[in-house]
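Listed below, chain by chain, are the residues.
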Amino acid sequence: MRNFYIFEIREDIKKITKENPYELFHTLETIYYQKEDKRLTVHFLSQLLNPILIKDLDIALFRRFKENYFYTKYKNVHTMHDVYRKEDTRLILNKSYLKLETNVVKPRFLEELKYNSNLFLCDFEEKDYFWLDSLESIYL
């Protein structure tokens, strides 16, 4: 099971880090493992990220997948449990990030998110990171 944290990066930060995403990943990883000063962490994240409009995203995801038999939603948690595709994916919406827990390479929720070119995905445990729009040409 992979755990991706999805961040909406500010446009000016994206321009700086687009060609070298490791710097952005390393910064976010440092913040992720920070245990001490939470106020400083929140302040630093506000310098890098745009807040995610979770209400709009929540509605868009529900409209897109509500007819899908394998889809469920509870509050800000969207789940896809497709026995035929062997997909078990959960997307948790937060104001500063989205958390995608999945067992497949191409989770269906990324299809809906691909329209935002400023999304940066990080799997801190596996040291994996990429811009969603770079993944689009390969997988989506």
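In this text the structure is predicted, and so the values were computed from the model without any measurement. (Residues numbered from 1 in each chain as written. Predicted model: local features only at pLDDT ≥ 70, side-chain atom pairs only at ≥ 80, totals over all residues. Heavy atoms only, no water.)

1. Here we look at the pattern of salt bridges
Pairing between side chains of opposite charge can happen when the charged atoms of each approach one another.
Logical step 1: Within the structure shown, the criterion is met by 14 salt bridges.
Logical step 2: Between Asp12 and Arg10 there is a salt bridge whose closest N-O contact spans 2.6 Å.
Logical step 3: Take Arg10: its relative accessible area is 23%, and that puts it in the partly exposed class.
Logical step 4: Between Arg64 and Glu112 there is a salt bridge, with the nearest N and O atoms lying 3.7 Å from each other. You can see Arg64 sitting in helix α4 (residues 54-65) and its partner Glu112 sitting in helix α5 (residues 109-113), a full 48 residues away along the chain. (Salt bridge = Lys/Arg side-chain N within 4 Å of Asp/Glu carboxyl O. Buried < 20%, exposed > 50% of the residue type's maximum accessible area, 1.4 Å probe, protein only. Helix = DSSP H or I, 4+ residues; strand = E, 2+ residues; numbered from the N terminus.)

2. Overview of the side chain of Glu87
Logical step 1: Mapped onto the secondary structure, Glu87 falls in strand β4 (residues 87-93).
Logical step 2: Of the residues examined, Glu87 reaches a relative accessible area of 1% and is grouped as buried.
Logical step 3: Among all residues touching Glu87, those that are not within four sequence positions of it are Met80, His81, Asp82, Asn103, Val104, Pro107 and Arg108. (Contact = heavy atoms within 4.5 Å.)

3. Looking at the nonpolar core
Logical step 1: Counting 22 residues, the largest nonpolar core has Ile6, Leu91, Leu98, Phe109, Leu110 and Leu113 as its most contacted members.
Logical step 2: If you list the elements that add at least two residues to this core, you get β1 (2-8), α4, β4, β5 (98-102), α5, β6 (119-123) and α6 (132-136).
Logical step 3: For this core, the leading source of residues is α4, giving 4 residues.
Logical step 4: Those residues within four positions of Leu113 in sequence are excluded, and the remaining contacts are Ile6, Leu57, Leu98, Leu119 and Leu132. (Core = buried A, V, L, I, M, F, W, Y, C linked by side-chain atoms within 4.5 Å.)

4. Focus: helix α2 (residues 21-32)
Logical step 1: Its 12 residues place the ends of α2 16 Å apart at the C-alpha level, agreeing with the 16 Å of an ideal helix rising 1.5 Å per residue.
Logical step 2: Where α2 is concerned, the buried positions are Leu24, Phe25, Leu28, Glu29 and Ile31. All buried residues of α2 lie within an arc of 160° about the axis, which places them on one face of the element.
Logical step 3: Along its buried surface, α2 packs onto β1, α1 (11-17), α3 (38-48), β6 and β7 (128-131). (Expected span 1.5 Å × (residues − 1). Arc of directions from axis to C-beta.)

5. As for the packing of aromatic side chains
Logical step 1: Overall, the coordinates contain 18 aromatic pairs when judged by the stated rule.
Logical step 2: Ring centres 4.3 Å apart and planes at 20° place the aromatic pair Tyr32 and Phe124 in the stacked group. Residue Tyr32 is found in helix α2, and its partner Phe124 is found in the loop between β6 and β7; the two are separated by 92 residues along the sequence.
Logical step 3: Note on Phe124: relative accessible area 0%, which makes it buried.
Logical step 4: Members of the aromatic cluster, connected to one another through ring pairs, are Tyr5, Phe7, Tyr22, Phe25, Tyr32, Tyr33, Tyr97, Phe120, Phe124, Tyr129 and Trp131.
Logical step 5: Taking NZ or CZ as reference, Lys14 lies 5.4 Å from the ring centre of Trp131, over its face. (Phe/Tyr/Trp six-rings, centres within 6.5 Å; stacked < 30°, edge-to-face > 60°. Lys NZ or Arg CZ within 6 Å of the ring centre and 35° of its normal.)

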